[in-house]
Amino acid sequence: MTTLSERLRLVADMIRPGRTVADIGSDHARLALFLAEQGIAPRVIVSELGKGPFSRAHRSVQESPYRGRIELRQGNGLQVLVPGEVDEVVLAGMGGDTIIEILGHDWNKAASFQRFLIQPMTRAKTVRANLAEQGWPIEDERLVREKNRIYVVIAARPGHVSYSLSHLELEVGPFILKADHELKRDYIEGILHKLRTAHRQMTQSSRADITSAAAVDLENIARLEEVLNAGHGKGHN
């Protein structure tokens, strides 16, 4: 049986059973193999750009009894797919900028797929901001801890009406802010640490644009501290 990392297991849990799936940038194709073994997806397309990762994925699939349900393609991002070819697309284990670059190559083509599971390794804020700008509703966000780091998986679907997220929603996530999740506090503390570090660096500059950004960060720091304090008090009532 294929074993998954905690990150990929959460992604698998968020995929709707019975849907066809494309895993973009799959490395060893573990997620595809798991989805096939568990009967979650009747068909999975696996893509890799680099020759080495593609070869590793190809070897893993060929050694599996479920290889008939998995198709490998070598290419860049969503370019390996025909519009509307699959129901769900997984973009996991990449930086937020890379994810937006893949989607932004052709937002119209991206919108031909029903749903996306996005697991950014960095810059989740950038992902949320671009989804909002494109009018793609965020349907769900979940947290998972793996090797002393907390990751977020974002479920979103294509849309056409842009919307606004507050600075706090961009930083933390609209669903996570409302959730009563055991990892929420640690996740917010991690964001706070990054904001405080960035704020200290920016306060040493006299540039107007940086000074303005520093003021926004300071406001976000104060609001996140309020969220943490409220949660702390709630937990001890």
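So, a few notes on the structure that sits alongside this text. Note that the structure is a prediction, hence the values are computed from the model and not measured. (Residues numbered from 1 in each chain as written. Predicted model: local features only at pLDDT ≥ 70, side-chain atom pairs only at ≥ 80, totals over all residues. Heavy atoms only, no water.)

1. What to know about the sheet that holds strand β2 (residues 44-48)
Next up, step 1: Within the open sheet, the seven strands sit side by side as β3-β2-β1-β4-β5-β7-β6. Their pairing is mixed. Looking along the sheet, the strands with just one partner apiece sit at the ends: β3 (70-74) and β6 (138-146). The average undirected angle you get between the axes of adjacent strands in this sheet is 20°.
Next up, step 2: In the sheet, strand β4 (residues 88-95) pairs with strand β5 (residues 115-122) via seven bridges, with the strands oriented parallel. Residue pairing in the sheet places valine 90 in a bridge with leucine 117 of β5.
Next up, step 3: Of the strands in this sheet, β4, β5, β6 and β7 (149-156) touch helix α1 (residues 6-14), which is tilted by about 150° from β6. (Pairing = 2+ DSSP bridges. Helix = DSSP H or I, 4+ residues; strand = E, 2+ residues; numbered from the N terminus. Axes fitted to C-alpha atoms, helices over the stretch in contact; angles between N-to-C directions. Contact = heavy atoms within 4.5 Å.)

2. Topic: the pattern of salt bridges
Next up, step 1: Counted according to the given criterion, the structure contains 18 salt bridges.
Next up, step 2: A salt bridge links glutamate 71 to arginine 73; the nearest nitrogen and oxygen atoms lie 2.9 Å apart.
Next up, step 3: Judged by relative accessible area, glutamate 71 falls into the partly exposed class, the value being 32%.
Next up, step 4: For arginine 115, the salt bridge identified is with glutamate 88, shortest N-O distance 3.1 Å. Of this pair, arginine 115 sits in strand β5 while glutamate 88 sits in strand β4, and the two are 27 residues apart along the sequence.
Next up, step 5: Using a relative accessible area of 0% as the deciding quantity, one classes glutamate 88 as buried. (Salt bridge = Lys/Arg side-chain N within 4 Å of Asp/Glu carboxyl O. Buried < 20%, exposed > 50% of the residue type's maximum accessible area, 1.4 Å probe, protein only.)

3. Brief notes about the side chain of arginine 7
Next up, step 1: Counting through the fold element by element, arginine 7 comes out in helix α1.
Next up, step 2: Given a relative accessible area of 14%, arginine 7 falls into the buried group.
Next up, step 3: Once you skip the residues sitting within four places of it in the chain, arginine 7 turns out to touch Gly93, Gln119, Met121, Val144, Glu146 and Tyr151.

4. Focus on the nonpolar core
Next up, step 1: Counting residues in each nonpolar core, the largest one holds 45 residues, and the members touching the most others are Ile24, Leu78, Leu81, Val89, Leu91, Leu103 and Phe116.
Next up, step 2: If you tally residues by element for this core, the top one is helix α9 (residues 184-202), at five residues.
Next up, step 3: Look past the residues within four positions of leucine 81 in its chain and what remains in contact with it is Ala22, Ile24, Ile45, Arg73, Val86, Val89, Lys109 and Phe113. (Core = buried A, V, L, I, M, F, W, Y, C linked by side-chain atoms within 4.5 Å.)

5. Some words on the packing of aromatic side chains
Next up, step 1: Overall, the coordinates contain three aromatic pairs when judged by the stated rule.
Next up, step 2: Ring centres of tryptophan 107 and tryptophan 136 lie 5.1 Å apart, and the angle between their planes is 85°; this geometry places the pair in the edge-to-face category. Separated by 29 residues along the polypeptide, tryptophan 107 in helix α5 (residues 107-110) and tryptophan 136 in the loop between α6 (124-134) and β6 bring together distant segments of the chain.
Next up, step 3: Taken together, the ring pairs in this structure connect Trp107, Phe113, Phe116 and Trp136 into an aromatic cluster.
Next up, step 4: Residue placement shows arginine 7 over the ring face of tyrosine 151; its charged tip is 5.5 Å from the ring centre. (Phe/Tyr/Trp six-rings, centres within 6.5 Å; stacked < 30°, edge-to-face > 60°. Lys NZ or Arg CZ within 6 Å of the ring centre and 35° of its normal.)

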